[in-house]
Amino acid sequence: MTGKPFNAFAMAQQQFDRVAELLGLDTATRDLLRWPMREYKFNLPIRLDDGSVKVFRGFRVQHNDARGPGKGGIRFHPRETIDTVRALSMWMTWKCAVADIPLGGSKGGVVCDPHNLSPREQERLCRAWVRQVARDVGPWQDVPAPDVMTNAQHMLWMLDEFETIHGGRYPGFITGKPVGMGGSLGRTEATGYGLVFTLREAFKEMGLRADQASASVQGFGNVAQYAIELFQQLGGRVISVSCWDQADQTAYCYRRKDGVDLSFLRGITDRFGGIDRKKAAAAGYEVTVGDAWIEQDVDVLIPAALEHSVREDNVGKISKRVRVVAEGANGPTTPEADHVLNERKIFVIPDFLANAGGVSCSYLEQVQSNMNYYWKKDEVLGRLDATMTTAFLSVLDVSRRRKLPMRDSAYVVAVSRVAEACRDRGWV
Ligand code: NAD
């Protein structure tokens, strides 16, 4: 990522300060919500397959649990920092509140690159992470989930370690588990599909038609792939995707103007969302190094990679045709770039609304796990659609009534709910 030095937590606080002013929050509530309630930082000494020991750094941050147990994913990423985890935990609080699910906000991470770790080493890392936080997380305290570079297998190892420590079966401890082992049907699709449910509602509001629309997507991981899947099912055309190339340490954009072939690209993509460049080029994809995804002449941009991808230095490259930015990633747009999007009257579906499908479905998984009774996929996706549509319409309503951009409106809805819960509990 380029541009000026970026600190995700400073950005999350800047966004919060703006809404605190809008809502006229009192000082105690601001002080409470501006920082996480609790933070755990620890070393994870791991025995590698060659017999040596490597020490990794791990985190769990619990931002706010006034509305219910904390909820949030665990990232495995070489550039993970405590500030990124803090920001993500804060965004989780707003995400659960805007979706109106009875959960708070948490996030976790390990500074590591799973590309360079064997499955057994990753298992040891998962188990070690749980051993560090086992007393401070759990179905009624704080419920982890997968995120960037973690998956259902990691969750199952973590569940197994938690259950070994506590002596029992606690499937509600963690979500994103494999189906058949406490996981919910629909969870894999949930974030990408949820994004498209909100995009569908935005299109209705703007009088646009999905079957006449085109999109460019940053990323080709879990969120991106399922967003593309549902957008294409609605008749939309995705003309480019992009991904990070680990060997070259740069991003590449893959473009096909008639629309990308999702199943072909999936077939040449590794489990980290990295596309095989040679095979894509051989199949006729135009491959460009860098940020070309943002310059495409399309109706919709979907940043679905990492934070800090729409910035001051590249927001000017967005084509005049773009009408909607639907943020799949957390924190993709800097406040400066957001200002430009607002000036240009581009309709932004902000991150913690657009990507709330993941946590909403995780909540449904947790409910099923706690009951030990599992629903059919259609039932799960129907409930997810209802949650996402209601959330979108409640934000749109504030946006219309208060004449605010969608991001500010989403913040107004979410922060008011959390502040009210804190007040009702007598915390402030
Ligand atoms: P993932 O690891 O499955 O995929 C990430 C993708 O982004 C990969 O294709 C990777 O190559 C690509 N990428 C990374 N850096 C890039 C760059 N600079 N340019 C272009 N592509 C780049 O992760 P994911 O689960 O799809 O998550 C993506 C984003 O969505 C993250 O911000 C995550 O926090 C957020 N999110 C995920 C979920 C979920 O349920 N998975 C839920 C809510 C939010």
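What counts as what
- Residues numbered from 1 in each chain as written.
- Predicted model: local features only at pLDDT ≥ 70, side-chain atom pairs only at ≥ 80, totals over all residues.
- Heavy atoms only, no water.
- Salt bridge = Lys/Arg side-chain N within 4 Å of Asp/Glu carboxyl O.
- Helix = DSSP H or I, 4+ residues; strand = E, 2+ residues; numbered from the N terminus.
- Buried < 20%, exposed > 50% of the residue type's maximum accessible area, 1.4 Å probe, protein only.
- Polar contact = N/O pair within 3.5 Å; in protein donor to acceptor, adjacent residues only side chain to side chain.
- Contact = heavy atoms within 4.5 Å.
- Core = buried A, V, L, I, M, F, W, Y, C linked by side-chain atoms within 4.5 Å.
- Right-handed = clockwise from strand over helix to strand, strands pointing away.
- Pairing = 2+ DSSP bridges.
- Patch = residues over 30% accessible without salt bridge, like charges linked within 9 Å, V, L, I, M, F, W, Y side chains within 5 Å.
- Areas by Shrake-Rupley, 256 points an atom, 1.4 Å probe, with all protein chains shown as cover.
- Domains from an automatic or database assignment.
- Buried area = accessible area lost by both parts, 1.4 Å probe.
- Nonpolar A, V, L, I, M, F, W, Y, C, P; charged D, E, K, R; others polar.
- Axes fitted to C-alpha atoms, helices over the stretch in contact; angles between N-to-C directions.
- Phe/Tyr/Trp six-rings, centres within 6.5 Å; stacked < 30°, edge-to-face > 60°.
- Near = heavy atom within 4 Å.

1. Notes on the pattern of salt bridges
Then, in step 1: One pass over the full model with this rule turns up 40 salt bridges.
Then, in step 2: The residue Arg-127 makes a salt bridge to Glu-161 at a minimum N-O spacing of 3.0 Å. A residue pair is termed long-range when its members are at least 10 positions apart, and Arg-127 in helix α4 (residues 119-133) and Glu-161 in helix α5 (residues 152-166) qualify at 34 residues. Per residue, the accessibility class of Arg-127 equals that of Glu-161, and both read buried.

2. Focus: the side chain of Glu-121
Then, in step 1: Along the chain, the position of Glu-121 falls in helix α4.
Then, in step 2: Only 2.8 Å separates the side chain of Glu-121 from the backbone nitrogen of Asp-49, close enough to count as a polar contact.
Then, in step 3: The contacts of Glu-121, once residues within four sequence positions are left out, are Ile-46, Leu-48, Asp-49 and Asn-116.

3. Points about the nonpolar core
Then, in step 1: Residues Phe-16, Trp-91, Trp-94, Val-241, Ile-275, Phe-347 and Ile-349 are the most contacted members of the largest nonpolar core, which totals 91 residues.
Then, in step 2: Broken down by element, this core gets its largest block of residues, 11 residues, from helix α14 (residues 406-424).
Then, in step 3: For Ile-349, the residues in contact, after removing those within four places along its chain, are Thr-198, Leu-199, Ala-202, Val-324, Val-325, Ala-326, Glu-327 and Ala-354.
Then, in step 4: Listed in part, the 28 residues of the second largest apolar core include Tyr-40, Leu-48, Ala-134 and Trp-157.

4. Structural notes on the pairing of strand β6 (residues 214-218)
Then, in step 1: Most of β6 sits out of view: 5 of its 5 residues are buried.
Then, in step 2: With burial as the criterion, each face of β6 is covered, one bearing Ser-214, Ser-216 and Gln-218 and the other bearing Ala-215 and Val-217.
Then, in step 3: Once the chain exits β6 it traverses helix α7 (residues 222-233) before rejoining the sheet at strand β7 (residues 237-245), and the crossover so formed is right-handed.
Then, in step 4: Bridge count for β6 against strand β10 (residues 300-303) is 4 bridges, and the pairing is parallel. For Gln-218, the partnering residue across the bridge sits in β10 and is Pro-303.

5. Re a nonpolar patch on the surface
Then, in step 1: A surface patch of nonpolar side chains, about 230 Å² in accessible area, is lined by Met-37, Trp-427 and Val-428.
Then, in step 2: Locating Val-428 in the fold gives a position in the segment after α14.
Then, in step 3: You can call Val-428 partly exposed: its relative accessible area is 34%.

6. Considerations on unusual backbone geometry
Negative phi is the rule for most residues except glycine; trans is the rule for most peptide bonds.
Then, in step 1: Phi is positive for Asp-100, close to 60°, though the residue is something other than glycine.
Then, in step 2: Tracing the backbone through its elements, the reader meets Asp-100 in the loop between α3 (82-98) and β4 (104-111).
Then, in step 3: Positive phi, normally seen in glycine, also occurs at Gln-249, with a value near 55°.
Then, in step 4: Mapped onto the elements of the fold, Gln-249 is located in the loop between β7 and β8 (250-255).
Then, in step 5: Gln-249 sits in the partly exposed class, given a relative accessible area of 44%.

7. A few points about the domain arrangement of the chain
Then, in step 1: For the chain, the domain assignment lists domain 1 (37-170) and domain 2 (188-354).
Then, in step 2: With 17 residues of domain 1 at the interface, the matching set in domain 2 holds 11 residues.
Then, in step 3: Area buried by domain 1 at its contact with domain 2 is led by Trp-91, Lys-95 and His-115, which between them contribute 37% of it.
Then, in step 4: Linking domain 1 with domain 2 are 1 salt bridge, by the criterion used here.
Then, in step 5: Between Glu-307 and Arg-75 there is a salt bridge whose closest N-O contact spans 3.2 Å.
Then, in step 6: At the surface where domain 1 touches domain 2, the tally comes to 3 residue pairs in polar contact (both at pLDDT 80 or more).
Then, in step 7: For the side of domain 1 that touches domain 2, the secondary-structure elements that each account for two or more residues are β3 (70-77) and α3.
Then, in step 8: In terms of residue count, the dominant contributor to the side of domain 1 that touches domain 2 is α3 (6 residues).
Then, in step 9: When grouped by side-chain class, the residues that make up the side of domain 1 that touches domain 2 number 7 nonpolar, 4 polar and 6 charged.

8. Here we look at the sheet that holds strand β2 (residues 53-64)
Then, in step 1: Strand order across the open sheet formed by 5 strands is β1-β2-β4-β3-β5, with mixed pairing between neighbours. Two strands close off the open sheet at either side, each with one partner strand: β1 (38-47) and β5 (142-146). Across the sheet, the axes of successive neighbouring strands diverge by a mean angle of 20°, strand direction being ignored.
Then, in step 2: The sheet contact formed by β3 and β5 spans 5 bridges and is parallel. Each bridged residue has a counterpart across the sheet, and for Gly-73 the counterpart in β5 is Ala-145.

9. Examining the packing of aromatic side chains
Then, in step 1: Tallied over the full model, the rule gives 9 aromatic pairs.
Then, in step 2: Measuring from centroid to centroid gives 5.8 Å for Phe-16 and Trp-94, while their planes differ by 5°, and the two rings are stacked. Separated by 78 residues along the polypeptide, Phe-16 in helix α1 (residues 8-23) and Trp-94 in helix α3 bring together distant segments of the chain. Considered together, Phe-16 and Trp-94 belong to a single accessibility category, that of buried residues.

10. A few points about the site of the ligand
Then, in step 1: If you check the shell around the ligand, you find 27 residues, and the closest are Arg-75, Thr-191, Trp-244, Gly-273 and Asn-330.
Then, in step 2: Its free accessible area being 830 Å², the ligand has 91% of it covered by the protein chains.
Then, in step 3: Only α6 (187-206), α7 and β7 provide two or more residues apiece to the shell around the ligand.
Then, in step 4: The greatest single-element share of the shell around the ligand, amounting to 3 residues, is contributed by β7.
Then, in step 5: Class assignment of the residues belonging to the shell around the ligand gives a composition of 13 nonpolar, 10 polar and 4 charged.
Then, in step 6: For the shell around the ligand, the two domains that each supply at least three residues are domain 1 (37-170) and domain 2 (188-354).

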